[in-house]
Amino acid sequence: MQRLAPFLRRADLWAGLMFIGWGLFVLLVGADYALGRAGRIGPGYVPRLLGFLLCGIGLLLALRSPWTHDEAEATVAWRPLVLIVGSVLVFAALLNTAGMIVAIIASVGVANFAAPDNGWRTALVLGLVMSAFSWALFVRALGLPIPVFMP
């Protein structure tokens, strides 16, 4: 990254290109979904809206990058990367076997240690709050058939 021109080392430029890339990917994947009509939106409405929003944010970031001075780091933070991806895998593995509450608490517990300053109390409190909120929203309010606890 050091050999690149100063403009090409700008963090906003790379973040903008990333947002544009994800936005185009979402637009490409959702291209075959029906939009629906104004009174009854179809399955392609939200993905298309999300894709346009991501592209718009990316365009704004890329256009403002000549006036910013933050440089992108060329190093990869392996600990947070492994723990965040691991927390998603833990959630996926535990959702159908242990239930939503246990899966969320375990997932938050793993992801919490991506920042070295966080302790186990933080993970436990955040996991309990997130699982209570998820239960209230998805199971109680929306009535989704998500297993809460598995025997």
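Rules of the game
- Residues numbered from 1 in each chain as written.
- Predicted model: local features only at pLDDT ≥ 70, side-chain atom pairs only at ≥ 80, totals over all residues.
- Heavy atoms only, no water.
- Phe/Tyr/Trp six-rings, centres within 6.5 Å; stacked < 30°, edge-to-face > 60°.
- Helix = DSSP H or I, 4+ residues; strand = E, 2+ residues; numbered from the N terminus.
- Expected span 1.5 Å × (residues − 1).
- Buried < 20%, exposed > 50% of the residue type's maximum accessible area, 1.4 Å probe, protein only.
- Contact = heavy atoms within 4.5 Å.

J.: Describe the packing of aromatic side chains, listing the residues and the values that go with them.
T.: Scanning the model with the defined rule gives one aromatic pair in all. Ring geometry for Trp22 against Phe25: centres 5.8 Å apart, planes inclined by 85°, an arrangement best described as edge-to-face. Here Trp22 and its partner Phe25 are both found in helix α1 (residues 11–29), three residues apart, which amounts to about one turn of the helix.

J.: If you had to explain helix α3 (residues 78–98) to someone new, which residues and values would you point to?
T.: Over its 21 residues, α3 extends 28 Å from the first C-alpha to the last, a length consistent with the 30 Å expected when each residue adds 1.5 Å. Count one or two residues on from α3 and you reach Gly99, which has phi positive near 105°.

J.: Break down helix α5 (residues 120–141) for me, with residues and values.
T.: Compared with the 32 Å implied by 1.5 Å per residue over 22 residues, the 30 Å span of α5 between its first and last C-alpha is a close match. Listed as buried for α5 are Ala123, Gly127, Ser131 and Ser134. Turning to α5, the residues buried within the fold contact α4 (100–112). Of the residues trailing α5, Gly143 is marked for its positive phi of about 70°.

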